[in-house]
Amino acid sequence: MAALAAVLQSRSLGFPWLLRTWAGGARGAARGAAGLHDYDLLVIGGGSGGLACAKEAAQLGRKVAVVDYVDPSPRGTRWGLGGTCVNVGCIPKKLMHQAALLGGMIQDARNYGWEVAQPILHDWRKMAEAVQNHVKSLNWGHRVQLQDRKVKYFNIKASFVDQHTVRGVTKGGKETLLSAEHIVIATGGRPKYPAHIEGALEYGITSDDIFWLKESPGKTLVVGASYVALECAGFLTGIGLDTTVMMRSIPLRGFDQQMSGLVTEHMVAHGTRFLKGCTASRVERLPSGQLQVTWKDLASGKEDMGTFDTVLWAIGRIPETRSLNLEKAGVNTNPDNQKILVNTQEATSVPHIYAIGDVAEGRPELTPTAIMAGKLLAQRLYGQSADLMDYDNVPTTVFTPLEYGCVGLSEEEAVARHGDDHVEVYHAYYKPLEFTVAERDASQCYIKMVCLREPPQLVLGLHFLGPNAGEVTQGFALGIKCGASYTQVMQTVGIHPTCAEEVAKLRISKRSGLDPTVTGC
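Okay, so let's go over this structure. (Residues numbered from 1 in each chain as written. Predicted model: local features only at pLDDT ≥ 70, side-chain atom pairs only at ≥ 80, totals over all residues. Heavy atoms only, no water.)

### Quick notes on the packing of helix 6 (residues 90–109) against helix 7 (residues 124–148)
Point 1. Between helix 6 and helix 7, whose axes approach to 10 Å, the crossing angle comes to 145°. Between helix 6 and helix 7 lies a crossing of right-handed hand. Between helix 6 and helix 7, the contacting residues are Ile 91, Pro 92, Leu 95, Met 96 and Ala 99 on the first element and Trp 124, Met 127, Val 131, His 134, Val 135 and Leu 138 on the second.
Point 2. Looking at the contact of helix 6 with helix 7 residue by residue, the classes come out as 10 nonpolar, 1 polar and no charged. (Axes fitted to C-alpha atoms, helices over the stretch in contact; angles between N-to-C directions. Helix = DSSP H or I, 4+ residues; strand = E, 2+ residues; numbered from the N terminus. Left-handed = near helix turned anticlockwise from the far one by under 90°. Contact = heavy atoms within 4.5 Å. Nonpolar A, V, L, I, M, F, W, Y, C, P; charged D, E, K, R; others polar.)

This is the structure in structure tokens:
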């Protein structure tokens, strides 16, 4: 031991933290500081971005480890490898959204000649079991992929010891020390609870729980107006549950507000109730087992209350950084939201420690951006690439009952950036062919293209509200990424009969004041 201390002392000139770490029993830390790291790359977080980064680095011949640990939700919900998207986000959300869409299609089927037995009933248990089984198969698939690429996986909760070393603790309390030349933080975020509201934590659930419920949530109050809130409310209404959304201010903050208004208008028309300008103040459990929620109308100041089976909080997310001991490594965060500050290289205040995905400040909270950022980071570190992640013109879709896809700037952002006189907006209401025979209302099916007014009228943003919005938006995103102009889009031949072709037929400018309603095929 004394001999080892002497060796360490000779190697630690100018690095006094080295001896302190060794003295504290951190054998792995001392080895790491001496340059003998356990791994070339250590990824903290087994979500989409972290796994993509780890697999890419391993494919480039590096020794890689992934550490991942999921603290159970306050309700006790746990899940496996894969992060938010796989377990409690995009994947189960889209599948339950699809379940709701199928219910609407069954209603349409009668108009197309199908004899459908009545009443049409939905079985939550059967849907939930099928969705959960698919998610579990993805968990297993991720583990197999890591094994195939010789990436070491540790199911441990990580925290920093120093700039190159991480301490991991298993569920049973066993500690492991790992050191690496480069470390990537990709821990994502978790739903926020309103701690100031009495009964919120005790009786409410979040998106961490809704997809893993064994029994139907029944009559549900969704608190919040984020895309998570509206998507959950949408599929709950769609499968026949009594659903109410309580929103304090505006829906879909950060998205185009005209489009957001149409999204909620459609939801109201199809059975979702909205309590606008209201905030919850108390949740109590009644002897019947139901939940009594008290809220305040911000405009009138009056209190009201209602009874629900489930209260779902969807009021935002917080980054998973508080348990990482980032201060031990010198990694800086935004004091307001605890997100990690990064530069264009995804590097933190410590040059060899990086952060990608939802945990990083100023990054879109979207799975595909985290995946691409992770791959590009690994390629820069080990593949002789200099390519940076481009966060402009990232397409996304809100999977509400009537889907909303967008790419680029909202109308508000375009006007704020370029000025109202320099922005031209082309728009149209349209009726999908599928809605005609089914006699569906298409009042909210709407498209608008936000452009610079000066020729050649560069497209700044595209917003599409209608069926299959994600598929439509993904295609046009390529053109916008490549700098498409309004003229080029108008010269694009549409595929007939589709909703997507309506984008290439936007002839009416908002400035003209003309009726933007498309009569149909």
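More follows now that the structure is in view.
### Observations regarding the environment of His 427
Point 1. Assignment of secondary structure puts His 427 in strand 19 (residues 423–429).
Point 2. Overall, the relative accessible area of 9% leaves His 427 in the buried class.
Point 3. On a C-alpha basis, the gap between His 427 and Gly 204 in space is 41 Å, while along the polypeptide they are 223 residues apart.
Point 4. Apart from residues lying up to four places away in sequence, His 427 is in contact with Tyr 446, Ile 447, Lys 448, Leu 506, Ile 508, Ser 509, Lys 510 and Pro 516. (Buried < 20%, exposed > 50% of the residue type's maximum accessible area, 1.4 Å probe, protein only.)

### Observations concerning the side chain of Glu 502
Point 1. Inspection of the secondary structure puts Glu 502 in the segment after helix 17 (486–490).
Point 2. Apart from residues lying up to four places away in sequence, Glu 502 is in contact with Tyr 430, Ile 447 and Val 518.

### As for the sheet that holds strand 20 (residues 446–452)
Each strand in a sheet pairs with its neighbour through backbone hydrogen bonds, running either in the same direction (parallel) or in the opposite one (antiparallel).
Point 1. Strand order across the open sheet formed by 5 strands is 17-18-21-20-19, with antiparallel pairing between neighbours. Of all the strands in the sheet, the pair left with one neighbour each is strand 17 (396–398) and strand 19. The mean angle between the axes of side-by-side strands here comes to 15°, regardless of whether they run parallel or antiparallel.
Point 2. The sheet contact formed by strand 19 and strand 20 spans 7 bridges and is antiparallel. Directly across from Tyr 426, in strand 20, lies its bridge partner Met 449. (Pairing = 2+ DSSP bridges.)

The values are spatial; any link to function lies outside them.
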